[in-house]
Amino acid sequence: LGIPSPFAIRSQRHAAGIPAMKCFRSAIVLALAGAASAREQASVTPVQKVIELMEGMLAKGKEEKHDEQVQFAAFKQFCDDTTVEKKRSIAEAEEKIEVLKADIESHAAHAARLTKEIAEHDADIATWKGDSKAATNVRAIDKANYDATHKDYSESIDALQRAIAVLKKQAHDRPQASFAQVSALKS
């Protein structure tokens with residue numbers, strides 16, 4: 001006859017996500033309402049009214065099925081697009097990860113080299129500081145020796161200048177002693 005059975009309609013409704021109980025209740029209410037109006041209208045028999053109601057339900061079911069198919073197609077397209085985009089993003093991220101890992105290794109090697117150079121420079125600085133301290137100590141010792149020698153020389157020069165001044169004050173002739181007289185004095 002081409003009219004789906006209530007069980008077929010019920011399974012379509014259940015598959016579409018509409019609870020089967022609601023559909024069944026709706027069909028009974030419509031059938032009862034149709035029966036009541038059929039009594040009022042003598043020209044339409046109750047069987048014809050049920051058939052009309054069933055055809056209305058069939059058309060409504062087909063329309064809802066079509067709407068669900070359109071909605072599912074849109075969702076499937078979204079999922080497919082998202083899957084392609086996410087796979088592309090993952091591939092790009094994996095490439096970036098490899099590049100960053102290579103950069104990390106390069107920078108780690110560079111840091112190790114610089115650490116070694118810093119250690120060498122620290123050793124050089126320690127040596128230079130030791131040399132500077134030793135040189136400072138040597139300069140201090142040399143200055144002390146210089147100061148002592150300078151003081152001695154200054155005292156000697158001062159004594160000589162005083163002696164010269166005294167001798168100039170006594171500027172008269174004196175006989176010079178001969179070499180023989182000096183040696184006789186020593187004996």
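The structure displayed is predicted, hence computed values, not measured ones. (Residues numbered from 1 in each chain as written. Predicted model: local features only at pLDDT ≥ 70, side-chain atom pairs only at ≥ 80, totals over all residues. Heavy atoms only, no water.)

A. Fine view of the overall build of the chain. Within the chain, the regular secondary structure consists of 4 helices and 0 strands. For the chain, the accessible surface area stands at approximately 16000 Å², while carbon and sulfur atoms represent 63% of it. (Helix = DSSP H or I, 4+ residues; strand = E, 2+ residues; numbered from the N terminus. Areas by Shrake-Rupley, 256 points an atom, 1.4 Å probe, with all protein chains shown as cover.)

B. Local environment of helix α3 (residues 46-169). Along its 124 residues, α3 runs 170 Å from first to last C-alpha, staying within 8% of the 184 Å computed at 1.5 Å per residue. Within α3, burial applies to Leu 53, Met 54, Met 57 and Gly 61. (Expected span 1.5 Å × (residues − 1). Buried < 20%, exposed > 50% of the residue type's maximum accessible area, 1.4 Å probe, protein only.)

C. Highlighting the pattern of salt bridges. Counted according to the given criterion, the structure contains 6 salt bridges. The partner of Arg 88 in a salt bridge is Glu 92, with the nearest N and O atoms 3.2 Å apart. Pair noted here: Arg 88 and Glu 92 are both in helix α3, with a separation of 4 residues, about one helical turn. Judged by relative accessible area, which is 44%, Glu 92 ranks as partly exposed. Residue Asp 158 pairs with Arg 162 through a salt bridge whose shortest N-O separation is 2.6 Å. With Asp 158 and Arg 162 both in helix α3, this residue pair falls 4 residues apart, about one helical turn. (Salt bridge = Lys/Arg side-chain N within 4 Å of Asp/Glu carboxyl O.)

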